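Remarks on the overall topology
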Amino acid sequence: MKLPPGPSLLHSSFLLLTNSPLNFEPVLINLKARYGPLFTLSTGFGPSILVGSHSLAHEILVKKGALFSDRPKFFINFNISTASYGPNWRLLRRNLASEVMHPNRIKSYSSARKWAVHILISRLLEQENQAAGFKVVDHFRHAIFRLLVLMCFGDKFDESRVDEIAKVQREMMLAVGSRRITMLAMFPGVGKILFSNVWKQFEKMRDNKEQVFVPIITSRIESAHSEPQVVAYVDTLANLRLPDGGKLTHREMVGLCSEFLTGGTDSTAGALQWIMANLVKHPRIQSKLYDEIVAVVGPPRKGVEGEPEPVINEEDLEKMRYLKAVVLEGLRRHPPAHFLLPHKVMKEVEVEGYMFPQGATINFLVSEMGLDPKVWDEPMEFKPERFLANDGVFDINGSKGIKMMPFGAGRRICPGSDLALLHLEYFVANLVWHFDWSAPDGYHVDLDEKNEFTIVMKNPLQAQISSRVEKIKHLS
Ligand code: HEM
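Attention here is on the structure that accompanies the text. Predicted, not measured: the structure shown is a model, and the values here were computed from it. Within each chain, residue numbers correspond to sequence positions counted from 1 in written order. This being a predicted model, a pLDDT of at least 70 is required before a residue's local features are given, and a value of 80 or more before pairs of side-chain atoms are given or counted; all residues contribute to the totals for chains, interfaces and linings. By convention in this description, side-chain values take in all heavy atoms of the structure and omit both hydrogens and water.

**Here's the deal with the pairing of strand S8 (residues 435-438)**
- Using a 1.4 Å probe on the protein chains alone, a residue whose accessible area is under 20% of its type maximum counts as buried, one over 50% counts as exposed, and one in between counts as partly exposed. Each helix corresponds to a stretch of at least 4 residues labelled H or I by DSSP, and each strand to a stretch of at least 2 residues labelled E; elements are numbered beginning at the N terminus. The two faces of S8 differ: Phe-435 and Trp-437 on one face are buried, but Asp-436 and Ser-438 on the other face are not.
- One requirement defines pairing of two strands: DSSP has to find at least two bridges between them. As paired strands, S8 and strand S11 (residues 462-467) are joined by four bridges and run antiparallel to one another. What sits directly across from Asp-436, in S11, is Ser-466.

**Quick notes on the site of the ligand**
- When at least one non-hydrogen atom of a residue lies within 4 Å of a molecule or strand, that residue is treated as near it. The local shell around the ligand holds 23 residues, among which Arg-71, Arg-93, His-343, Arg-412 and Cys-414 are the closest.
- Secondary-structure elements contributing two or more residues to the shell around the ligand are helix H4 (87-99) and helix H13 (250-281).
- Examining the composition of the shell around the ligand, we find that six residues originate from one element, H13, more than from any other.
- Put simply, Ala, Val, Leu, Ile, Met, Phe, Trp, Tyr, Cys and Pro go in the nonpolar bin, Asp, Glu, Lys and Arg in the charged bin, and everything else, Gly too, in the polar bin. For the shell around the ligand, the residue count by class is 12 nonpolar, seven polar and four charged.

**Observations concerning the coordination of the iron atom of the ligand**
- Donor atoms (N, O, S) are those found within 2.8 Å of the metal centre, with the cutoff raised to 3.2 Å for Na, K and Ca; water is not part of the atom list, so apparent gaps in a site can occur. Protein coordination of the iron atom of the ligand is limited to a single donor, Cys-414 (SG), which sits 2.3 Å from the metal.
- With respect to the element layout, Cys-414 can be found in the loop between helix H17 (366-370) and helix H18 (417-434).

**Quick word on the pattern of salt bridges**
- Note on definitions: salt bridges are taken to be side-chain nitrogens of Lys or Arg within 4 Å of carboxyl oxygens of Asp or Glu. Applying the stated criterion across every chain yields a total of 25 salt bridges.
- Close ionic contact of Glu-159 with Arg-146 constitutes a salt bridge, the shortest N to O distance being 3.0 Å. Residue Glu-159 is found in helix H8 (residues 159-176), and its partner Arg-146 is found in helix H7 (residues 137-153); the two are separated by 13 residues along the sequence.
- Assessed through its relative accessible area of 7%, Arg-146 is described here as buried.
- In this structure, the salt-bridge partner of Arg-206 is Glu-203, at a minimum N-O distance of 4.0 Å.

**Focus: the packing of aromatic side chains**
- Within 6.5 Å between ring centres, the rings of Phe, Tyr and Trp (the latter by its six-membered ring) count as paired, and their orientation is classed by plane angle as stacked under 30 degrees, edge-to-face over 60, tilted in between. With the rule as written, the count across this model stands at 11 aromatic pairs.
- Look at Phe-68 and Phe-356: their rings are 5.8 Å apart centre to centre, the planes differ by 85 degrees, and that puts the pair in the edge-to-face class. Of this pair, Phe-68 sits in the loop between helix H3 (54-63) and H4 while Phe-356 sits in strand S6 (residues 354-356), and the two are 288 residues apart along the sequence. Each member of the pair, Phe-68 as well as Phe-356, carries the same accessibility label: buried.
- Judged by centre distance (5.7 Å) and plane angle (45 degrees), the ring pair of Trp-376 and Phe-387 falls under tilted. With Trp-376 in the loop between H17 and H18 and Phe-387 in the loop between H17 and H18, this residue pair connects regions lying 11 residues apart in the sequence. By the burial criterion, Trp-376 is buried, and Phe-387 matches it.
- Put simply, the rings of Phe-140, Phe-435 and Trp-437 touch in pairs and so form one group of aromatic residues.
- In this analysis the charged atom, NZ for Lys or CZ for Arg, is taken to sit over a ring once it is within 6 Å of the ring centre and within 35 degrees of the ring normal. The positively charged end of Arg-332 is found above the aromatic ring belonging to Trp-376, 5.5 Å away from the centroid.

**Things to note about the nonpolar core**
- Counting residues in each nonpolar core, the largest one holds 104 residues, and the members touching the most others are Phe-153, Ile-165, Phe-213, Phe-260, Leu-261, Met-276 and Trp-437.
- Ranked by residues supplied to this core, first place goes to H13 with 15 residues.
- Here Phe-153 is in contact with Ile-165, Phe-213, Ile-216, Ile-217, Arg-220, Ala-232, Val-234, Cys-257 and Leu-261, once residues within four sequence places are set aside. Definition used in this section: a nonpolar core is a set of buried Ala, Val, Leu, Ile, Met, Phe, Trp, Tyr and Cys residues joined via side-chain atoms within 4.5 Å. In what follows, a contact means two residues having at least one pair of non-hydrogen atoms within 4.5 Å.

**Observations regarding the side chain of Asn-208**
- The topology assignment puts Asn-208 in helix H11 (residues 196-222).
- You can call Asn-208 buried: its relative accessible area is 18%.
- By the criterion applied in these results, polar contacts are pairs of N or O atoms within 3.5 Å in which, for protein atoms, one can donate a hydrogen and the other can accept it, and in which residues neighboring in sequence qualify only through two side-chain atoms. Of the polar contacts made by the side chain of Asn-208, one reaches the side chain of Glu-171; its length is 3.3 Å.
- Once residues lying within four places of it in the same chain are set aside, the contact partners of Asn-208 are Val-168 and Glu-171.

**A few points about the sheet that holds strand S2 (residues 46-51)**
- Pairing within the open sheet is mixed, and its four strands lie in the order S1-S2-S7-S4. Looking along the sheet, the strands with just one partner apiece sit at the ends: strand S1 (38-43) and strand S4 (343-344).
- Summarising the sheet, S1 and S2 pair through six bridges and their orientation is antiparallel. Residue pairing for S2: Leu-41 is matched across the bridge by Ser-48.
- Helix axes are fitted only over the stretch in contact, all axes being lines through C-alpha atoms; the angle between N-to-C directions runs from 0 to 180 degrees. Most of the contacts of helix H2 (residues 25-35) go to S1, to which it runs at about 125 degrees, and overall it touches S1 and S2.

**What to know about the sheet that holds S11**
- Reading across the sheet, the three strands line up as S3-S11-S8 and stay open at both edges, with antiparallel pairing between neighbours. Edge positions in the sheet fall to strand S3 (134-135) and S8, since each has one partner strand and no second.
- Bridge count between S3 and S11: two bridges; the pairing is antiparallel. Along S11, the bridge assignment pairs Phe-134 with Ala-463.

**Remarks on the environment of Met-173**
- The residue Met-173 is located in helix H8 in this model.
- In this structure the C-alpha to C-alpha distance between Met-173 and Val-231, which are 58 residues apart in sequence, comes to 26 Å.
- Residue contacts for Met-173: discarding those within four places in its chain leaves Thr-262, Asp-266 and Phe-453.

**Remarks on the packing of helix H14 (residues 283-297) against H18**
- The geometry of H14 relative to H18 is characterised by a closest axis approach of 9 Å and an angle of 95 degrees between their N-to-C directions. Comparing the axis directions of H14 and H18 gives the class roughly perpendicular. Here Gln-286, Leu-289, Tyr-290, Ile-293 and Val-297 of H14 lie close against H18, whose contacting residues are Val-428, Ala-429, Val-432 and Trp-433.
- Taken together, the residues of the contact of H14 with H18 sort by class into eight nonpolar, one polar and no charged. Roughly parallel covers angles under 35 degrees, roughly antiparallel covers those over 145, roughly perpendicular covers 65 to 115, and oblique covers all other angles.

Structural data, given as structure tokens:
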């Protein structure tokens with residue numbers, strides 16, 4: 001049996017060497033056009049198989065998921081995303097899923113979300129009515145990061161401590177996206193020798209992160225909890241017992257907390273920026289959404305002097321079908337991850353008459369699937385209405401069939417998907433309820449993309465905002 005078709009080893013190596021890993025997607029799209037939705041890129045380190053069809057993705061990730069849920073060996077971190085498919089991965093993933101992402105636990109963080117939205121609104125109020133607009137994404141990232149830091153460590157911290165955490169997180173994130181660290185991750189054994197300078201730089205960044213994180217973790221574990229009403233992710237890690245009866249080390253907890261912050265910040269802030277960019281670009285969709293929100297919770301109200309601004313109750317989000325459709329359409333049209341994290345074939349298996357050898361890596365053209373004209377009508381258009389069919393019910397997990405997969409599918413599907421969807425709905429609803437979002441004069445919303453670990457707007461959104469409360473006061 002043969003491998004799926006694809007360019008020769010020589011041609012594949014040429015493509016890998018002459019294109020940046022951060023800009024490899026167009027190369028893969030061309031290969032898909034030439035070889036079909038299942039093709040192989042040969043590397044000196046084994047075949048890498050790419051999947052660009054919905055039905056094959058479903059067969060591989062869901063129906064035959066047990067054979068495709070391993071990860072290639074990464075040295076980079078101790079965490080869930082890079083763990084081999086086995087007892088440690090299962091334990092860590094189950095801990096996150098049941099101790100933090102369980103619906104009841106997610107509900108228990110509602111006051112943390114309210115606090116984060118207040119922070120965002122008060123920062124945005126300072127930017128109101130600027131004729132030239134302002135760059136919004138930094139404010140989104142800041143609010144989401146503060147929320148995740150609170151969920152992770154159980155403490156609100158002051159701005160300077162949060163900046164310190166953000167700095168060491170970002171340093172590592174940007175490095176992970178760099179070519180040299182990518183090479184080091186791909187060839188860990190020889191990489192440590194060949195790229196010894198990069199390895200030292202990497203170790204330095206890890207030390208920097210540990211210097212900031214370890215005291216926070218220790219004081220949380222040792223002291224009476226500073227926010228006792230919140231069970232933080234780190235509390236669940238401290239209580240965890242490994243299969244051999246041991247406990248996680250501080251270094252391991254740093255890896256897991258760091259993954260929690262990385263996994264949820266740029267992905268969610270980026271998706272929020274894409275959604276708001278489309279609402280600025282399409283005022284009709286924004287007004288339809290605003291009308292839905294007002295029909296459920298009434299018009300925005302002025303807050304009491306000295307108190308935080310009123311915000312939408314989370315329970316009310318359930319009644320907002322169009323809001324859900326807007327969020328799903330944002331994730332379809334602009335998925336923050338255009339590929340999954342690489343999967344590894346655990347045991348030789350046949351798919352579609354081709355051989356998938358043990359140890360081959362496999363990935364999926366996520367973005368292409370959301371834009372396939374055979375599945376989506378006018379795929380380049382932003383049309384939330386498409387998600388209102390079927391009573392607004394859409395299977396984002398792809399368990400019965402995959403139409404798009406912004407969070408992946410199967411056993412390795414993103415464990416934070418419910419939390420991310422809630423964060424997006426809650427932030428979008430509050431942002432549109434409070435402010436009218438528009439493009440500054442002469443500004444055109446540019447939907448070009450750039451790969452910065454997640455896929456972000458190449459030219460970040462500049463928006464002009466005005467408080468809807470003030471407008472209502474003015475009209476009455
Ligand atoms: C819009 C927001 C998000 C998007 C688009 C997203 C997307 C993804 C994708 C595509 C994967 C890879 C799945 C695979 O390899 O098969 C993933 C994995 C993961 N995500 Fe997310 N994610 C988001 C938010 C979050 C949040 C909020 C958290 C936690 C706080 C999180 C934690 C993780 C973890 C731990 C994994 C690794 C799962 C494993 O290997 O078993 N993500 N995510």
